[in-house]
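Residue strings, one per chain:
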Amino acid sequence: MDFTLPDSALAVQRGIGDICSRYDLSYWQRCESDRRWPEEVWDELAKGGWLGLAVPEEHGGGGQGLLELAVATETLSASGAAGGAAFTYVLTPGFGALTIDRHGRASQRAELLPRLATGEVETCFALTEPDAGSNSLAITTSARRDGGDFVVNGQKIWITGVQRATWMLLVTRTVPAAEARPRTHGLTVLLVNVPEAVAAGRLTYRPIPKMGANTTPSNMVFIDDLRVPASNVVGEVDQGVAVLWDILNPERVLLAASALGTAEVGLRVAVDYAKEREVFGRPIGANQAISFPLAQVKAKIELARLMIYKAAWCFDRRLPCGTEANIAKLTASQAAWEAADAAFQTHGGMAYSHEYPVARLLTDARIAKVAPVTEELLLNYLATQVLGLPRSF
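This one's a predicted model, so the numbers in the text were calculated from it and none came from an experiment.

Novice: Sorry, what's going on with the domain arrangement of the chain here?
Specialist: With domains assigned, the chain is organised as domain 1 (7-122), domain 2 (124-239) and domain 3 (241-386). Centre-to-centre, using C-alpha coordinates, domain 1 lies 24 Å away from domain 2. Opposite the 24 residues of domain 1 that make contact, domain 2 presents 22 residues. When the two sides are added together, the surface that domain 1 and domain 2 hide from each other amounts to roughly 1,900 Å², 54% of it contributed by carbon and sulfur. Applying the counting rule to domain 1 against domain 2 returns two salt bridges. When the shortest N-O distance is used, the salt bridge between Glu122 and Arg164 registers 2.8 Å.

Novice: Explain the packing of helix H10 (residues 322-347) against helix H11 (residues 358-367) here, please?
Specialist: Each pair of packed helices can be summarised by the angle the axes make with each other and by the distance between the axes. In contact at an axis separation of 8 Å, H10 and H11 are set at 155 degrees when each is read in the N-to-C sense. Here H10 lies roughly antiparallel to H11, going by the angle between them. Between H10 and H11 lies a crossing whose hand is left-handed. Facing Ala336, Trp337, Ala340, Asp341, Ala343, Phe344 and His347 of H10, the residues of H11 in contact are Val358, Leu361, Leu362, Ala365 and Arg366. Considering only residue class, the contact of H10 with H11 consists of nine nonpolar, one polar and two charged.

Novice: So what exactly am I meant to see when it comes to a nonpolar patch on the surface here?
Specialist: Together, Met1, Phe3, Leu303 and Leu306 line one region of the surface with nonpolar side chains, adding up to about 570 Å² of accessible area. Summarising the element assignment, Leu306 is placed in helix H9 (residues 288-316). The exposure class of Leu306 is partly exposed, given its relative accessible area of 46%.

Novice: How do you make sense of the side chain of Thr262 when you look at a structure like this?
Specialist: With respect to the secondary-structure elements, Thr262 resides in helix H8 (residues 241-276). Owing to a relative accessible area of 3%, Thr262 belongs among the buried residues under this scheme. Contact partners of Thr262, with chain neighbours within four places excluded, come to Ser77, Ala82, Gly83, Ala336, Leu361, Asp364 and Ala365.

Novice: I'm lost on the packing of H10 against helix H12 (residues 375-386) in this one. Help?
Specialist: Contact pair H10 / H12: the axes reach a minimum separation of 10 Å and the direction vectors enclose 145 degrees. Note that H10 runs across H12; the crossing there is left-handed. Packed against H10, whose contacting residues are Gly322, Thr323, Asn326, Ile327, Lys329, Leu330 and Gln334, the element H12 presents Glu375, Leu378, Leu379, Tyr381, Leu382 and Val386 at the interface. For the contact of H10 with H12, the residue count by class is seven nonpolar, four polar and two charged.

Novice: When you look at helix H6 (residues 106-118) in this model, what are you seeing that I'm missing?
Specialist: One full turn of an α-helix is made of 3.6 residues, so residues set three or four places apart face in the same direction. The end-to-end C-alpha separation of H6 is 19 Å, in line with the 18 Å expected for 13 residues at 1.5 Å each. At Leu112, H6 shows its strongest bend, of approximately 35 degrees, with the proline Pro114 following within four residues. Looking at H6, one finds that the buried residues are Gln108, Arg109, Leu112, Leu113, Leu116 and Ala117. Where H6 is buried, its residues meet helix H5 (85-103), strand E1 (123-126), strand E4 (167-173), strand E5 (187-193) and strand E8 (233-234).

Novice: Teacher, can you tell me more about the UniProt feature "domain: Acyl-CoA dehydrogenase/oxidase N-terminal" (unreviewed entry) in the chain here?
Specialist: UniProt annotation of "domain: Acyl-CoA dehydrogenase/oxidase N-terminal" (unreviewed entry) refers to residues 21-120 when read in the numbering used here. Annotated as 67% helix and 0% strand, the span residues 21-120 places its first and last C-alpha atoms 24 Å apart.

Novice: What am I meant to see in the packing of aromatic side chains here?
Specialist: The geometry of an aromatic ring pair comes down to the distance between the two centres and the angle between the two planes. Scanning the model with the defined rule gives six aromatic pairs in all. Ring geometry for Trp37 and Trp42: centres 5.4 Å apart, planes at 65 degrees, overall edge-to-face. Classification of Trp42 as buried rests on a relative accessible area of 5%. Taking 5.5 Å as the distance between ring centres and 80 degrees as the angle between the ring planes, the aromatic pair formed by Phe344 and Tyr352 counts as edge-to-face. By way of ring pairs, the aromatic residues Tyr23, Tyr27 and Trp28 are connected into one cluster. The ring of Phe315 has Arg102 lying over it, and the distance from NZ or CZ to the ring centre is 3.7 Å. Sitting above the plane of the Trp42 ring, Arg164 keeps its charged end 5.7 Å from the centroid.

Rules and cut-offs
Residues numbered from 1 in each chain as written. Predicted model: local features only at pLDDT ≥ 70, side-chain atom pairs only at ≥ 80, totals over all residues. Heavy atoms only, no water. Domains from an automatic or database assignment. Contact = heavy atoms within 4.5 Å. Buried area = accessible area lost by both parts, 1.4 Å probe. Salt bridge = Lys/Arg side-chain N within 4 Å of Asp/Glu carboxyl O. Axes fitted to C-alpha atoms, helices over the stretch in contact; angles between N-to-C directions. Helix = DSSP H or I, 4+ residues; strand = E, 2+ residues; numbered from the N terminus. Parallel < 35°, antiparallel > 145°, perpendicular 65-115°, else oblique. Left-handed = near helix turned anticlockwise from the far one by under 90°. Nonpolar A, V, L, I, M, F, W, Y, C, P; charged D, E, K, R; others polar. Patch = residues over 30% accessible without salt bridge, like charges linked within 9 Å, V, L, I, M, F, W, Y side chains within 5 Å. Areas by Shrake-Rupley, 256 points an atom, 1.4 Å probe, with all protein chains shown as cover. Buried < 20%, exposed > 50% of the residue type's maximum accessible area, 1.4 Å probe, protein only. Expected span 1.5 Å × (residues − 1). Bend = angle between axes of the 7 residues up to and from the residue. UniProt positions renumbered as here; feature names shortened; annotations may be inferred. Phe/Tyr/Trp six-rings, centres within 6.5 Å; stacked < 30°, edge-to-face > 60°. Lys NZ or Arg CZ within 6 Å of the ring centre and 35° of its normal.

Here it is in structure tokens:
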């Protein structure tokens with residue numbers, strides 16, 4: 001066993017770290033307050049080639065994998081971006097590049113991968129629906145074959161990044177859930193040209209007001225009689241579940257890496273304050289009521305990091321990684337929440353002040369416990385699929 005990161009991942013740490021060193025916590029606070037995408041950081045990542053890490057070299061990318069994307073996400077998040085870092089590497093390098101590379105047709109790969117590598121093309125992912133919620137197999141967005149096209153109708157919710165996306169990876173039902181045997185049959189993933197669909201009036205969206213992660217809007221999406229060429233199918237018709245797992249597992253790994261970075265920021269902010277703040281003639285960090293929770297957070301950060309790297313390592317080698325990805329997401333999200341909570345308690349009343357980033361870290365950490373999958377469903381997976389306990393439904 002070798003726990004040393006490969007040179008490729010270490011290079012990512014250095015490269016992303018160099019860019020991030022030019023953007024402090026106040027920069028990320030302004031992005032959140034102004035509800036704007038971190039354009040300056042995005043442009044530097046694009047110019048440096050850091051968005052194309054997972055794009056094969058023959059298509060202009062770095063030829064790396066999910067491990068390097070996870071390291072990039074963690075590094076960016078830990079620099080101060082916190083949860084906002086997730087969207088940088090989930091939306092386009094994760095949803096777009098990884099998926100098209102693994103499941104795209106030769107024509108899709110040739111057209112999209114070079115432009116995904118430079119950030120010229122951006123992507124988003126549309127799965128969740130208002131009535132299906134976490135039961136992804138129960139989605140009702142339908143894609144009906146009509147000649148050389150599919151005609152799509154339905155609604156999606158919590159779709160992040162539609163405003164910037166050129167292409168949407170849209171999960172549809174080509175066989176209704178009630179007729180699918182097995183339940184995973186009949187899912188089809190389509191590539192939708194977002195600007196064209198919006199211009200035609202066949203795809204509309206409405207931003208959802210939310211308490212955090214406002215650097216990227218999340219949206220309700222409405223699709224009405226949208227025609228999508230059959231050539232835009234990603235993977236195979238009715239067999240989209242294979243594509244779906246290769247989207248959802250990397251998503252969980254990258255969001256876990258973002259949560260890990262959030263935990264690192266929270267811990268760093270708390271430790272710095274605990275060293276500087278003096279009460280009763282000594283730094284508050286000398287009190288075990290302050291120091292022990294922070295020490296616990298440090299231990300949980302290191303444990304979560306190991307599972308994140310293992311899950312990414314398995315994915316890159318095309319090994320089963322569902323259990324590892326779920327554990328990584330669970331433990332990293334818990335570490336993020338405990339770090340933010342400990343930072344809040346360490347700062348006391350000053351945590352309420354926007355002079356410090358604690359409130360932003362708290363909202364970023366809290367969403368990680370319910371999105372994109374709830375902690376309860378992660379535990380249910382481990383209970384039933386790993387431990388073999390009986391299902392409750």
